[in-house]
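# Topology and contacts: notes
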Amino acid sequence: MGAVPSTPRNNARPQDTAEYLISTFVGEKSFPLTSDFWNKLLELPLTIQWPNYRVLQACETFVRNNYNTRHLAKILIHLVWSLQESSTTSGLSIDYTKAINAAYLCSVFLKYTIENAKSENFEELYLCLNEDETAVNILRDQNIGSFVMHGILSFIGSTEVSSQTYLLHLELLNFVLVAMSTQLRSGPTPGPKDVHPFIDAAMGQESAVVGLVVRRLLLNYITRPRIPSRGATHSIFSEDGEPGVLLKVGSAAASFVLMPFNYFVSSSGNVSRNPLADNSLLLLLILIHYRKCLMMVEPITEKCEDLMKLDSLVKEDSYFSDNPFYKALESARDVEFDRVDIEGNGHYGPIVRLSFASLFDTLGLHLADEGSVLLLYSLVHGNSDFLEYVLVRTDLDTLLIPILETLYNASRRTSNQIYMLLIILLILSQDSSFNASIHKLILPSVPWYQERLLHNTSLGSLMVIILIRTVKYNLSQLRDVYLHTNCLATLANMAPHVHRLSAYASQRLVSLFDMLSRKYSKLAEQKNEKMLQTNPNSIESNNTVEDMSAELHIYTDFLRIVLEILNAILTYALPRNPEVVYAIMHRQEVFQPFKNHPRFIELLENIYSVLDFFNSRMDAQRTDGEWSVEKVLQVIIINCRSWRGEGMKMFTQLRFTYEQENHPEEFFIPYVWKLLVLSHSGFGFNVGAINLFPVPLPIEDARIEEETEKEQTDELDV
């Protein structure tokens, strides 16, 4: 396939013509930009079938010859030219066909080249023209990466998605994702030596283009344009419904760019939800979370006896450049509420305007998807206007119910998704109006909650129940301190504003203290036993004791936070929460072991003040027969009215706020690419070439490795 066959006859079959043109494209002969060869290649209806090995051969041949031919650079330039020409036409013109073919072919060969690049700076791409073509002033002093990204992003941002343009938009999104996959070849920590020609070029685009792209990607996510009918599809689909040329590409070449066919019929027979919306979201996440690491060189200012040496000494440090796409997302405004900036915090450049109501509703429908969760996090953390919009919505259940249901099913979700959801709840709980409003919204039922029937439960009570359940799950499974902290921090923010917490939520709150206290007591016992057994001269034993002491200290902090949560409810909201008082009275024995603990004395004094008050009222109450739950609760409700908080010590309200880590890129860049590569998006990147994050073994490979290890172990046992 790598050889160049002789030119087919005029009456040759389309298959022969396609064979010739693509073989010529990957072959040794270099065609100038102005050659008619490019028009013939890009206008060809691609309906031929090729097996995997032939596509792989074509890619290998292409990479081998690209140094001399520079055909990758040339077809990229023709892609932009086709987009420029199609922008001036309407309907399904030949320019649209050429643009789709160009984007598709670029994706196939660019992806293979990136996957198999040997150099750290991707020299194999050869994004420049030979010297004999430099006289053609096509780039306007831009390099090819900038020229291509400007052309593609401008088209995406300025061209409406319609039945005629749908496939072109989809192929362009595919191409941009492929072009930015150079990040998969870099390590998890961005460094100044990392080379990413296309995404760096995207970061250098003017603010007007950036704003249009962010708006278009968000609109695609919101409106979720449908795949056009077969009559409007591109010619890469053959008449019998089989995939066209290069569609038989294995993961070693470019399985991702098999779309849109992969979205029509996947290997499992499932139909994708919406390819354009899905890829728009993934691309937006990649763009907004990318951070370019640069070197900063500053003269050293310390005293130096030799002034001549001072001039030559420099202090090197790295820093991250601003991300214009993230800034555009930060500046997004609601088209239905154009607020005047009265604080003088003006935004430079174009502002992204779209319907926050539509975005809010779309997010609520798709929060089972990790990409949507990450977008919601990016919005509530980075865009103060959108956060304010969310907080004033009266139907907060639109977002919170899917979040809480996902946390309920935490065992079937990734730890990253759980973290993101908990951070979103923490950010929302920083607002007192949010904490108050969630207790006013009553849910008739919660069908997905299986442990107990929840009827007419407030959204706030459900949130308390699920957060406590998440802590319990973390204790038994993940054992992650960060997850514990986020759950307890959100509960602490909610505590002063709790209103009519349900009986079940109140019980779970007291049970949370009991659960953590049992863990604390077990750790304390293990530590004491270890100390008795420890050899003072043993470094290993001493380290173990130190680790146990550190863990014990962490659980001491957790117990104190739970006590502060209970204190906040009793101090600021006791008359409105008789069920909390009942739960504390019913399980008052769980607090006894900690009554004299130095970290808890003052907090428990308040709890015992409440217990003494209501226990004395119970003792003074005459009753016929045994005390029932209803009778006890009735006494509590009556005496809540006379509660004045006498003897209670006032503590400063706990208020936790979320602060992003110093180097968020080390988490977000690998996370976003994991969503793309390891999800069912069809992006079949060669896992052996990925350095950005560890890739789990396929199930079959993992099974074989496990069996091999078992056999080796059995041999050793014998």
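This structure is a prediction, so every number in the text was calculated from the model and none was measured.

Criteria and cut-off values
- Residues numbered from 1 in each chain as written.
- Predicted model: local features only at pLDDT ≥ 70, side-chain atom pairs only at ≥ 80, totals over all residues.
- Heavy atoms only, no water.
- Helix = DSSP H or I, 4+ residues; strand = E, 2+ residues; numbered from the N terminus.
- Buried < 20%, exposed > 50% of the residue type's maximum accessible area, 1.4 Å probe, protein only.
- Salt bridge = Lys/Arg side-chain N within 4 Å of Asp/Glu carboxyl O.
- Axes fitted to C-alpha atoms, helices over the stretch in contact; angles between N-to-C directions.
- Parallel < 35°, antiparallel > 145°, perpendicular 65-115°, else oblique.
- Left-handed = near helix turned anticlockwise from the far one by under 90°.
- Contact = heavy atoms within 4.5 Å.
- Nonpolar A, V, L, I, M, F, W, Y, C, P; charged D, E, K, R; others polar.
- Polar contact = N/O pair within 3.5 Å; in protein donor to acceptor, adjacent residues only side chain to side chain.
- Core = buried A, V, L, I, M, F, W, Y, C linked by side-chain atoms within 4.5 Å.

## Focus: the overall build of the chain
- Regarding its fold elements, the chain presents 28 helices and six strands.
- Counting all 718 residues of the chain, 52% fall into the buried class.

## Brief notes about the pattern of salt bridges
- This structure, assessed with the given rule, holds 18 salt bridges.
- Residue Glu 19 pairs with Arg 54 through a salt bridge whose shortest N-O separation is 2.5 Å. Of this pair, Glu 19 sits in helix α1 (residues 14-26) while Arg 54 sits in helix α3 (residues 52-69), placing them 35 residues apart in sequence.
- A salt bridge links Asp 385 to Arg 333, with the shortest nitrogen-to-oxygen separation between them at 3.4 Å. Placement of the pair is Asp 385 in helix α16 (residues 384-392) and Arg 333 in strand β3 (residues 333-334), with a sequence separation of 52 residues.
- Residue classification places Arg 333 among the buried residues on the basis of a relative accessible area of 13%.

## Thoughts on unusual backbone geometry
- The phi torsion at Arg 224 lies on the positive side, around 50°, for a residue other than glycine.
- Inspection of the secondary structure assignment puts Arg 224 in the loop between α9 (207-223) and α10 (261-264).
- Not every positive phi belongs to a glycine, and Arg 500 is a case in point at roughly 50°.
- Considering the arrangement of structural elements, one finds Arg 500 in the loop between α21 (481-494) and α22 (503-533).
- Using a relative accessible area of 58% as the deciding quantity, one classes Arg 500 as exposed.

## Description of the packing of helix α17 (residues 397-408) against helix α20 (residues 459-476)
- Put simply, α17 and α20 touch, their axes get as near as 9 Å, and they point 25° apart. In terms of orientation, α17 and α20 fall into the roughly parallel class. For the pair α17 and α20, the crossing hand works out as left-handed. Contact with α17, carried on its side by Asp 397, Leu 400, Ile 401, Leu 404, Leu 407 and Tyr 408, involves Leu 459, Leu 462, Met 463, Ile 466, Arg 469 and Thr 470 of α20 and no other residues of that element.
- Here the contact of α17 with α20 is composed, by residue class, of nine nonpolar, one polar and two charged.

## Observations regarding the side chain of His 196
- As for its placement among the helices and strands, His 196 is situated in the loop between α7 (166-179) and α8 (197-203).
- Judged by relative accessible area, which is 4%, His 196 ranks as buried.
- At 3.4 Å, the side chain of His 196 forms a polar contact with the side chain of Ser 186.

## With respect to the environment of Leu 462
- Within the secondary structure, Leu 462 sits in helix α20.
- Judged by relative accessible area, Leu 462 falls into the buried class, the value being 0%.
- Measuring from C-alpha to C-alpha, the distance between Leu 462 and Leu 443 comes to 9.0 Å, with 19 residues separating the pair along the chain.
- Setting aside chain neighbours within four positions, we find Leu 462 in contact with Ile 401, Leu 404, Leu 443, Val 446, Trp 448, Leu 454 and Thr 457.

## What to know about the nonpolar core
- Counting 225 residues, the largest nonpolar core has Leu 41, Met 180, Phe 325, Phe 591, Phe 614 and Trp 673 as the members making the most contacts within it.
- Among all residues touching Phe 325, those that are not within four sequence positions of it are Leu 153, Ala 202, Met 203, Val 210, Val 213, Val 214, Leu 287 and Ile 288.

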